[in-house]
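These are the residues of each chain, in order.
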Amino acid sequence: MAPLDPTRASPDALLSLAGREGSGKLRVFLGAAPGVGKTFAMLQAAQGARQGGRDVVVGLVETHGRRETEALLDSLEVLPRKMVAYRGRLVAEFDLEGALARRPGLLIVDEYAHSNVPGSRHPKRWQDVQDLLAAGIDVWTTLNVQHLESLNDVVQRITGVQVRETVPDTALHEADDIVLVDLPPDELLQRLADGKVYVADTAARAVQNFFKPSNLTALRELALRRVASTVDRDLIEQMQGAAIGGPWAAGERILVCIGPDEAAQGLIRHAKRIADLLGAPWFAVTVERPSARIDDADRSRLDAALRLAESLGAETRALVGTDLPTEILNFARFENITQIVVGRARPNRFAPFGRRPLSDALVRRADGIAVQVVTTGTESVRRLAWHRLLPPIRPLRGYVVAAAGVAVAAVIGQGLATVVALPNVSMLFLLAVVVPAILFGVWPAVFASVLSFLAYNFFFTSPFHTFTVAQPHELLALTIFLVIAVSISAIAGVAREQATAAVQRVRATRRLYEFTRKLSALADEAGVAEAAATAMQAVMGRGIVLLLAREGELAIVAAWPPEDTLDTASQIAARWSYERGETAGADTGTLPSAPWLFLPLTASGRRLGVVGVAAAADGVPLDGERRALLDTLIDQAAVALDRAMLSREITATRTAAETERVRNILLASISHDFRTPLASILGAATSLIDYGSRMDEPARRDLLAQVKEEAEHLDAMVRNLLSMTRLEAGGLELRRDWTDLGEIAGRVAEQARRRGARQPIAVTVEPSLPLVRADPSLVEQAVANVVGNAVKYAGAEAHIVVALSVEDDMAVVRVTDDGPGIAPDVLPHVFEKFVRAEWHAGDGGHGSGLGLAIAKGILGAHGGSVGAESPVDGARGARITLRLPLPESAR
C-alpha cells in the first residue's frame, strides 16, 4: 500500500461526493420497531417542507387506519396508486411511472423494504427509490432496523422471528440523512395496547412474540448503533474529501500495529477485546521497510496474524515505508483512529544503541491519539533479539567470495608494495568490501570488512605479521578504516536489497499489466476464463480452476492444468464461497480439508463464480504478497468476465430486439402484400360462384385470368421469401445453364404489363450480348424484383428502360426510370432487408422490402454485383445496375 498523506484529499471520498451531484437526496426515518411513529414524523416534516415552499407529493403512505396519521395527508398532494393484477385480483401499488412523470421536488414513499407485486418494474421498493433519486427527485422514506440484510440473522436470534423483506445495507449507506425515530419500550407497548399499532387480536399475539420488552430494548440498541456508525462513516468521508486531518472525536476507532514476531497474535486479541468493549471498528496494520529482510518463518507468522485479525473482524492493511512511526501516524490520522495499540518488548542488552523503540516514538509523536503499550514476554524477546542480531549463515557462497576477495587484495597489495611505494593500501581492501556487498548483500560485506581490517593490520601495519598495533595513529587509522568499510558494506548491501525489491515489484507490476492487457483484448467469457486461469497459474505456480455460475449451478469453465471435475469436499467449499462471498477451503477456517482454496469472483455488485487455487504439496499457505497479487488478479479477471457477460447479454438483447423487429416488419409486409391479391382472388371467385351462370364467356375468362395472375403474384412473393431464407442459410443452389438475358428482360417486361404496370417499359439489348452461364429462374427473379420495384415507386407518369450491354467482361442489366429518384438517406441502404421508402409522392404502395436484397443475394451467388444511383445523369430518376460475369469463351 502506498504511503498515505493525511493533508491531501482522498480520491475515493472525492469521487463519492462527486457521484452524488445531480442526484436526488434520500432521507430515511429509521425506527427500532413498527409503531414508533416513523410515518407520523415523516409526514409532520413533509408538512413543514410544504409550508416552506417545497413541492411535496405523497407517492405512497400506509396509514394502517391511524386517524392522526391520515389527518396529516389532508393538505398534501397524493399520487393515485397503480392497480396491478396478481392472482386474480387487483393490488394497489406505488406508481413509479406516474411519480417520474410528475417529478416533484420531494416525494414521500413509505416502507422502504416493501416487496412489489410480481410484474412491477422492480421487485423491491428500494429499487424504485433508486430510480427516483437518479431522476433528481428527493425522497423521504421509512425503515425498521430489522429489515437490514446484515442484521437479519441477529434479529432472528433476538426475537425468534425471521424477517422476510430485507434491504441491502448499501441501500441505507446511500442515504444522505438518517432520522432516528425512537420510543421507549413501555410507551410503545402502551400504544400497542391502545390499538394504535395493530388491532386487538393482532396486538395480543405481537406482545407474546415480537413486542417483548427485552426484544424492543435490543432492537433499540441496534438502531442506535447503526445510526451512529452511519454518521461516523459519513463524517470520515466528508473529512477525507476536505483533507482535514484526524482524529475527530466522532466515535472510537482502534488501530493495532503488528510485526513478524510471536507477540503479534496476542496484540490482535488484546485489540479485539478493546474494540468489543467500546463497540468500535478496528484495523490491524503492518509496515514493511523496502530493505528489510523477512525470511519464510517471519512471513508465515505475519500472514497468520493478519488472517487472525481478519477472522476477528478487523480491516487489515500492509503499508510500506522506511519511517515506521510516520507511516503509522499518517494512516491513523487518515482513518480517524482514536487509539493505537502497540507492543513493547522488555529492555534487552541486544538492542542497537540509540534506537528508540516503536512504542516510545509513537507516544512521543502521537498528538491527540491515545497509545496503549502492551508489554510482551521475555522468552519471545530473547529469541527475537538473537534472531535479529545474528547474521544468516546461508548461503555460504557470499562469505567464501568475501574471504577470497580479501585474500586477493592482500596478495595484490604485497606484490605492489615490492614494486612501488603505495601511500595507502587500504583502498584495495575497500574494493574487496564493495564487491561482496553488491553481489551478496550486507552480511558478507560486513564479514569482508572484518577480514580486511585484520589483513590490513597483519600485513601492512608495523610490526608486520602480527596483530599488534605499535603507534596510536595507526590504531586510529585502522579504526577509521573499519568504520568506513562497515559503512560502505551496509550502504552497498542496502542498495542491493532495495534494487532487488524494486525489481520484484516491477516484475509483479509488469505481470499485472500484461495480465490486464491480455484480458482487455478478449470479448467472450470462455477466452477470458482460459486466459485468466493460465496467467494465474503462471504467476502463482499452483493449479488454478475457474468456476462460473450457470443457472444457479457452478460449472468449471477453465482450468490449468486441465481439470474436469472436483472432489465432493472441493465442490462444497466452492459452493459455500460463492453463496457467502468469502474464502473457503484449504488454509481457511471453512472446510480446510478441501485440497483447493476458493475465492469469490465479484464485480459490479454481483457474484460471478469462484476461483480455486490448489493447495501446496507441503501445506505451506500463500504468503501475504502472493495473496495480495492473487486478489488483484482475481479482481481484474472478475471485471473482464463481467464485461464479457454484459457484452453477451447486450448482444443477446440486441439480437432478440432485431429478431422481433424483423418479425414485426415481415408480418406487417406479408399481411399487406398478401391482402391485395387475396382480396382480388376472393372477389373473382365469389363473382364466379354467385353470378357465373349469368355471365358471358369473355367475362368469366377475364375473372379466371384475374385469379390466375393474382395467384402468380402470390407465388412470386412466396418465392421471394423462400429465396431470402435460403440466401441467409447459405443453402441457395444454382442450376446453371446457358441463359439469354435479353429473353429474360422481355419476359419480365411483358409480365409487368400484364400485372397492370401503367408506365411504358422499353427493353434495349446490345447486339453483341452473349449468353451467360447462370440459373435462369433465379436471374429472372432478380430482374423481376428490380423492374417491379421501379413500377411500384417511379410513379404512373414515369418511363422505365431496361438496357442490356457488355462492359469489362460483365453482362450488365440497367433498369432506369425518370421518376423522383431515391432519397439520399435511403440510397446507401437500398439493398438491405426490409428497407422501404416512399420514392415518390404517388401511391406506389408498400412492399416487403426484400426485393432488392434478394436481387443482391442472387447476383452475389453468381459472382456478380449490384449497384444503385440517383439521380441519373444529374437530372432525376433512379438506376439499378445488375452485373453478371461472362463465360471465358465470350471474353
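If you're wondering where the values come from, they're calculated on a predicted model, not measured in any experiment. Within each chain, residues carry numbers counting from 1 in the order of the written sequence. The model is predicted, so local features are restricted to residues of pLDDT at least 70 and side-chain atom pairs to those at 80 or more, both for listing and for counting; the totals for chains, interfaces and linings are taken over all residues. The side-chain quantities take in all heavy atoms of the structure and omit both hydrogens and water.

Glancing now at the overall build of the chain. The helix count covers DSSP runs of H or I at least four residues long, the strand count covers runs of E at least two residues long, and both are numbered beginning at the N terminus. Within the chain, the secondary structure is distributed over 26 helices and 25 strands. The cut-offs for exposure are 20% and 50% of the maximum accessible area for each residue type, with area from a 1.4 Å probe on protein chains only; residues under the lower value are buried, those over the upper are exposed, and the others partly exposed. Considering the chain as a whole, with its 891 residues, one finds that 41% of them fall into the buried category. Across the chain, contacts joining residues at least 24 apart in sequence account for 69% of those joining residues at least 6 apart. Surface accessibility follows the Shrake-Rupley procedure with a 1.4 Å probe radius. Residue values consider only the protein chains on display as shielding. Approximately 45,700 Å² of the chain is accessible, and the part contributed by carbon and sulfur atoms is 56%. We call two residues contacting when some pair of their heavy atoms lies within 4.5 Å.

Within this scheme a cavity is a closed region of a 1 Å grid, computed over the protein atoms alone, that accommodates a 1.4 Å probe without allowing it to escape, whereas a pocket is open but has protein on both sides within 12 Å along at least five of seven lines; lining residues each have an atom within 4 Å of a point. Grid points are joined across faces, edges and corners, and a volume is the space filled by probe spheres set on the points. On inspection of all chains with the given rule, the structure shows four cavities of 30 Å³ or more. If you add up the space inside the largest cavity, you get close to 110 Å³. Lys82, Val84, Glu93, Phe94, Leu96, Glu97, Asn116, Ser120, Arg121, His122 and Asp128 together form the lining of the largest cavity. Among the elements of the structure, β4 (82–86) and α4 (96–102) are those that each provide at least two residues to the lining of the largest cavity.

Moving on to the nonpolar core. In this description, a nonpolar core means a group of buried Ala, Val, Leu, Ile, Met, Phe, Trp, Tyr and Cys residues linked to one another through side-chain atoms lying within 4.5 Å. Counting residues in each nonpolar core, the largest one holds 39 residues, and the members touching the most others are Leu741, Ile761, Val787 and Val802. Only α24 (741–754), β21 (772–774), α25 (776–793), β22 (800–807), β23 (810–817), α26 (851–861) and β25 (878–885) provide two or more residues apiece to this core. Per-element accounting of this core gives the leading share, seven residues, to α25. Setting aside anything within four residues of it in sequence, one finds Val787 in contact with Val748, Ala752, Ile761, Val802 and Val815. Core analysis: the next-biggest nonpolar cluster, separate from the first, contains 36 residues, Leu96, Val139, Leu148 and Ala171 among them.

On to the confidence of the model for the chain. Residue-level confidence of the predictor is what pLDDT reports, using numbers from 0 through 100. The predicted model of the chain has a mean per-residue pLDDT of 79, with 81% of residues at 70 or higher. Here residues 348–354 scores under 50 on pLDDT; set against residues more than four positions off or in separate chains, the count is five contacts. Every residue in residues 839–845 is under pLDDT 50, and counting partners more than four places away or in other chains gives 17 contacts.

Further remarks concern the pairing of strand β10 (residues 282–288). Counting buried positions along β10 gives seven out of seven residues, so the element sits mostly inside the fold. Here β10 shows a buried face lined by Trp282, Ala284, Thr286 and Glu288 and a second buried face lined by Phe283, Val285 and Val287. At least two DSSP bridges between two strands are required for those strands to pair. Note: strand β9 (residues 254–257) against β10, four bridges, orientation parallel. Across the sheet, the residue bridging to Cys257 is Val285, located in β10. The crossover handedness rule: strands pointing away from the viewer, path from first strand over the helix to second strand clockwise, crossover right-handed. You can see the chain leave β9, run along helix α11 (residues 264–278) and come back into β10, and the turn it takes is right-handed. With six bridges connecting them, β10 and strand β11 (residues 315–320) associate as parallel partners. Residue pairing for β11: Glu288 is matched across the bridge by Val320.

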